[in-house]
Amino acid sequence: MRQPLVAGNWKLNGSRERIQSLLDGIKAGIGEVNNAAVAVCPPFVYLSEVKTQLGGTPIALGAQDVCEQDEGAFTGEVSAPMLKEVGCEYVIVGHSERRNLYGEGDDLTARKFAAVRRQGLIPILCVGELLIEREQGITEQVVARQLDAVIELEGVEAHADAVVAYEPVWAIGTGMTATPQQAQDVHKHIRQQLASKDEAIANDVQILYGGSMKGENAAGLLAMPDIDGGLIGGASLKADDFLAIAAAAAQG
Ligand code: PEP
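Cut-offs and rules
Residues numbered from 1 in each chain as written. Predicted model: local features only at pLDDT ≥ 70, side-chain atom pairs only at ≥ 80, totals over all residues. Heavy atoms only, no water. Helix = DSSP H or I, 4+ residues; strand = E, 2+ residues; numbered from the N terminus. Rg over C-alpha atoms; globule rule 2.2 N^0.38 Å. Buried < 20%, exposed > 50% of the residue type's maximum accessible area, 1.4 Å probe, protein only. Contact = heavy atoms within 4.5 Å. Areas by Shrake-Rupley, 256 points an atom, 1.4 Å probe, with all protein chains shown as cover. Lys, Arg positive; Asp, Glu negative; His and termini not counted. Charge placed at Lys NZ, Arg CZ, Asp CG, Glu CD. Pairing = 2+ DSSP bridges. Near = heavy atom within 4 Å. Polar contact = N/O pair within 3.5 Å; in protein donor to acceptor, adjacent residues only side chain to side chain. Nonpolar A, V, L, I, M, F, W, Y, C, P; charged D, E, K, R; others polar. Core = buried A, V, L, I, M, F, W, Y, C linked by side-chain atoms within 4.5 Å. Expected span 1.5 Å × (residues − 1). Phe/Tyr/Trp six-rings, centres within 6.5 Å; stacked < 30°, edge-to-face > 60°. Lys NZ or Arg CZ within 6 Å of the ring centre and 35° of its normal.

Engineer: Just give me the short version of the overall build of the chain, but keep the residues and values in it.
Structural biologist: Per the secondary structure count, the chain includes 11 helices and eight strands. The C-alpha atoms of the chain give 17 Å as radius of gyration, which agrees with the globular expectation for 252 residues (18 Å, within 12%). For the chain, the spread of C-alpha atoms along the three principal axes comes to 45 × 45 × 35 Å. Residues counted as buried form 55% of the 252 residues belonging to the chain. Summarising the internal contacts of the chain: among those between residues at least 6 apart in sequence, 72% fall at separations of at least 24. Entry remark: accessible area of the chain is about 11,100 Å², with carbon and sulfur atoms responsible for 49%. Taking the average place of the 20 positive charges on the side chains of the chain and the average place of its 34 negative ones, the gap between the two points comes to 2 Å.

Okay, structure coming up:
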């Protein structure tokens, strides 16, 4: 049985005041959510204080990105050893905003994935197609290429301690959600791709869906057999919505 995971990606949002009120809301309701792991991924500068706030709760801390290098002259970057030191358990790599707005390709994403694993942290590897790629019927090839870049560098065994997030780019922040069946088809394909190399790892790996998941549409998505949770953007900034998704995951 795969335990569901719901991770909130706060992106470039928040202030001390806003984060305090969001965390108060999440903490107040998290006791009702049994059976699903929950994580929040604040901007780097707030990681330490959010970690303190999460003390005594089951909520894990994650980061939104990482440098592929562990230390050195890389101005503006944050390393995996630093993320470990401040208490992160998860690190998102290859988010489509990193890939498409900052030109991060498959190779760099794979090296970030490796940097996260070197510290014993859990990478959440994002994969997903652009709208044009879906229209061209190449969704499966795109996702396979993104996954293969990591498998080539780190081996399929790396997925024993990693999470995959399928995030169709056309659904992120647009309000357009993949239908449960559209998402399930790609999740199944990802699991089959891993199974062709190692069946046990494929059976155990958590594959999250991301792309305009909300309280209202979460149950349908999370009921699908290969959808093991969600990576949540916009809805993770509203405590009630985030908790509703986590509750749906716990039941899914
Ligand atoms: C995301 O950016 O990972 C995401 C899923 O965003 P949203 O939920 O806002 O579509």
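Next, the rest of the story.
Engineer: I'd love a proper account of the pairing of strand β6 (residues 163–166), names of residues and values included.
Structural biologist: The two faces of β6 match: V163 and A165 on one face and V164 and Y166 on the other face are all buried. Inspection of the sheet shows strand β5 (residues 122–127) paired to β6 by four bridges, in the parallel sense. The residue bridging C126 from the neighbouring strand is A165, located in β6. With four bridges joining them, β6 and strand β7 (residues 206–209) adopt parallel strand pairing. Of the residues in β7, the one forming a bridge with V164 is I207.

Engineer: Go over the site of the ligand with me, naming the residues and quoting the values.
Structural biologist: Inspection of the region around the ligand gives 14 residues, with K11, H95, E167, G173 and S212 positioned closest. One nitrogen or oxygen atom from the main chain of G173 is found 2.7 Å from an oxygen atom belonging to the ligand. Interatomic distance of 2.8 Å between a backbone N/O atom of G234 and an oxygen atom of the ligand. Its free accessible area being 290 Å², the ligand has 96% of it covered by the protein chains. Along the lines of polarity and charge, the residues of the shell around the ligand split into four nonpolar, eight polar and two charged.

Engineer: So, the nonpolar core: which residues are in play, and what are the values?
Structural biologist: Residues I26, V50, L83, I190 and Y209 are the most contacted members of the largest nonpolar core, which totals 67 residues. Those residues in contact with V50 that sit more than four places away from it in its chain are W10, I19, L23, V40, P42 and L61. Judged by nonpolar contacts, the second largest core, of 14 residues, contains L5, Y90, I92 and V163.

Engineer: So what about the side chain of D65? Which residues, and what values?
Structural biologist: With respect to the secondary-structure elements, D65 resides in the loop between β3 (60–63) and α3 (80–85). A polar contact of 3.3 Å, which involves the side chain of D65, links it to the side chain of R98. A polar atom in the side chain of D65 sits 2.9 Å from the side chain of K112.

Engineer: How would you explain helix α11 (residues 239–251) if you had to name every residue and give the values?
Structural biologist: Taking 1.5 Å of rise per residue, the 13 residues of α11 would be expected to cover 18 Å, and the 18 Å separating its terminal C-alpha atoms lies within 8% of that figure. The complete set of buried residues in α11 reads A239, D241, F242, L243, I245, A246, A248, A249 and A250. In the core, the buried residues of α11 are packed alongside β1 (5–9), α1 (16–29), β2 (37–41), α10 (215–222) and β8 (229–232).

Engineer: If you had to explain the packing of aromatic side chains to someone new, which residues and values would you point to?
Structural biologist: Counted under the stated rule, the structure contains one aromatic pair. The ring of Y102 carries R98 above its face, with NZ or CZ at 4.2 Å from the centroid.

Engineer: Can you explain helix α5 (residues 106–118)? Please cite residues and give values.
Structural biologist: With 13 residues, α5 extends 18 Å between its outermost C-alpha atoms, agreeing within 8% with the 18 Å of an ideal straight helix rising 1.5 Å per residue. Those residues of α5 that fall on the buried side of the exposure criterion are D106, T109, A110, K112, F113, A114, A115 and V116. Tucked into the core, α5 has its buried residues touching α3, β4 (90–93), α4 (96–101), β5 and α7 (139–154). Of the residues trailing α5, G120 is marked for its positive phi of about 75°.

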